[in-house]
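# A structural walkthrough
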Amino acid sequence: MSKLFNDRLRQIVLLLIIILLALILLKQLYAFLPGFLGAITLYILLRESFFRLTIKNKWNKTLTALLFIVSTLIIIALPVYFSINLIGTKISDLLSNPVQLMMDAKIVAEKIHTLTGIVLFSDENIIAFQRKATTIIPTILNSSASLLSNFAIMFFLLYFLLKSGRQVEQFINSFIPLKPDNIKILGRETRSMIKANAIGIPVLAIIQGIVATIGYYFFGIKDFGLWGFLTGVFSLLPIVGTAVIWLPLCAYLFSVNQSGNALGLFLYAAILIVNIDYVARLTILKRFINVHPLITVFGVIVGIGLFGFWGVIFGPLLISYFIILVKIYMNEFAVDANEKLHNLEETN
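Conventions we followed
- Residues numbered from 1 in each chain as written.
- Predicted model: local features only at pLDDT ≥ 70, side-chain atom pairs only at ≥ 80, totals over all residues.
- Heavy atoms only, no water.
- Core = buried A, V, L, I, M, F, W, Y, C linked by side-chain atoms within 4.5 Å.
- Buried < 20%, exposed > 50% of the residue type's maximum accessible area, 1.4 Å probe, protein only.
- Helix = DSSP H or I, 4+ residues; strand = E, 2+ residues; numbered from the N terminus.
- Contact = heavy atoms within 4.5 Å.
- Patch = residues over 30% accessible without salt bridge, like charges linked within 9 Å, V, L, I, M, F, W, Y side chains within 5 Å.
- Areas by Shrake-Rupley, 256 points an atom, 1.4 Å probe, with all protein chains shown as cover.
- Salt bridge = Lys/Arg side-chain N within 4 Å of Asp/Glu carboxyl O.
- Axes fitted to C-alpha atoms, helices over the stretch in contact; angles between N-to-C directions.
- Parallel < 35°, antiparallel > 145°, perpendicular 65-115°, else oblique.
- Nonpolar A, V, L, I, M, F, W, Y, C, P; charged D, E, K, R; others polar.
- Polar contact = N/O pair within 3.5 Å; in protein donor to acceptor, adjacent residues only side chain to side chain.
- Expected span 1.5 Å × (residues − 1).
- pLDDT = per-residue confidence, 0-100.

A word on the nonpolar core. The nonpolar side chains of a soluble globular protein tend to be buried, and buried together. Counting residues in hydrophobic clusters, the biggest one holds 23 residues, and the most contacted among them are Tyr-43, Phe-50, Phe-68, Phe-155, Leu-158 and Leu-162. Elements with a contribution of two residues or more to this core: helix H2 (33-56), helix H3 (61-96), helix H6 (136-163), helix H8 (180-218) and helix H14 (311-347). Setting aside residues no more than four positions away along its own chain, Tyr-43 makes contact with Phe-51, Leu-158, Leu-161, Leu-162, Gly-165, Arg-166 and Glu-169. Core analysis: the next-biggest nonpolar cluster, separate from the first, contains 21 residues, Val-211, Tyr-216, Leu-230 and Ala-280 among them.

Put into structure tokens, the structure is as follows:
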């Protein structure tokens, strides 16, 4: 009895030490969590192709891993470059003509004041804006440094995941306290959800951006390409989504006495821009995104707060994990409990 008690005590102490170390490591490495999540996402997307080339076709693992990393870097870097170039050019144009910018802003502010009574350009608002503007540049610099660090971590970790993927998967499986069949279910669901969100959600954003760009061009919005791009980006946000862009644009058209275009854009956005998401899910993207919309919406809300940008992918995965683990629990333990109860009844 004493030996059993000592063994249990040592087990509990060891588990507490492991948990404590895990919390310390998580706290210190939390800033690099997006890099870790990005590497896992890319590994799951690339693993089948990598294994096929290196195992079936006998390609060199190191060279193939480097080829995949360079290809992925190009695919990620090109959209980022064009996005920065598009937005940066527009910001430069606005800052080069601040007088015209202020005149346009005052026209809109006066129109809003006439309609709603809200004063946008008061002395207090201008002072608050100036104070806020002084913090923008340091924030951008800090965000850029964090982004570059996470990209470095992501590709560094991806290289080792690709080279040692089989061993890593076997190591993780050995620690999961589930039956082999349930481990397979968990792995299959993980791959399915990550592929659905990593491929499907960006494609949905591109589709909404294209549809929005066409509408902005048709209803006379200047810089329709820029606003279409921003609409696609904001489509990733849950609940409010694209309305963050097209509602202010409708208000702007109305404020400059283009009521027809404002009404037309509002109807176009409410009917097409908003609903094209559901049409795309039910048609061309069904094979990628066969996930209930509520899981996606609430998953993104949870995920962005926890993981930042990668929460778009891993937030829905968390909710799916919760549902799957409940099912696995019922399969692992409820079935066993019912069988024991049934056997006990037969014995009696």
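This brings us to unusual backbone geometry. A positive phi is found at Lys-58, a non-glycine position, where the angle reads about 65°. A relative accessible area of 67% places Lys-58 in the exposed class.

Further remarks concern a nonpolar patch on the surface. The grouping of Leu-9, Val-13, Ile-17, Leu-20, Leu-21 and Ile-24 at the surface amounts to a nonpolar patch, some 530 Å² of accessible area in total. Here Leu-21 shows up in helix H1 (residues 2-29).

So, about the packing of H2 against helix H7 (residues 165-175). Between H2 and H7, whose axes approach to 11 Å, the crossing angle comes to 125°. For the element pair H2 / H7, the angle class is oblique. Judged by residue contacts, Tyr-43, Arg-47, Phe-51 and Ile-55 of H2 engage Gly-165, Arg-166 and Glu-169 from H7. Its residues assigned to classes, the contact of H2 with H7 comprises 3 nonpolar, 1 polar and 3 charged.

It is worth spelling out the environment of Ser-235 at this point. Structurally, Ser-235 is set in the loop between helix H9 (224-234) and helix H10 (243-255). Dropping the residues within four chain positions of it, Ser-235 is found in contact with Ala-205, Gln-208, Gly-241 and Thr-242. Looking at Ser-235, its side chain comes within polar contact range of the side chain of Gln-208, at 3.5 Å.

Glancing now at the side chain of Thr-72. Along the polypeptide, Thr-72 turns up in helix H3. Looking at Thr-72, the relative accessible area reads 9%, which means it is buried. Aside from chain neighbours lying at most four places away, what touches Thr-72 is Leu-42, Leu-46 and Phe-155.

The terminal C-alpha atoms of H8, which comprises 39 residues, lie 57 Å apart, in line with the 57 Å expected from a rise of 1.5 Å per residue. Backbone geometry just after H8 places Gly-220 at a positive phi near 80°.

On to the confidence of the model for the protein, then. When pLDDT is averaged across the protein, the result is 75; 70% of the residues are at 70 or more. The secondary-structure element of the protein with the lowest mean pLDDT is helix H5 (residues 123-133), recorded at 58, while helix H11 (residues 259-273) shows the highest, at 87.

Let's shift gears to the environment of Leu-186. Along the polypeptide, Leu-186 turns up in helix H8. What Leu-186 contacts, discounting residues up to four positions off in sequence, is Leu-178, Tyr-321, Ile-324, Leu-325 and Ile-328.

Bringing the pattern of salt bridges into the picture now. All chains considered together, the criterion is met by 1 salt bridge. For Glu-169, the salt bridge is made with Arg-47, and the minimal N-O distance between the two is 3.0 Å. You can see Glu-169 sitting in helix H7 and its partner Arg-47 sitting in helix H2, a full 122 residues away along the chain.

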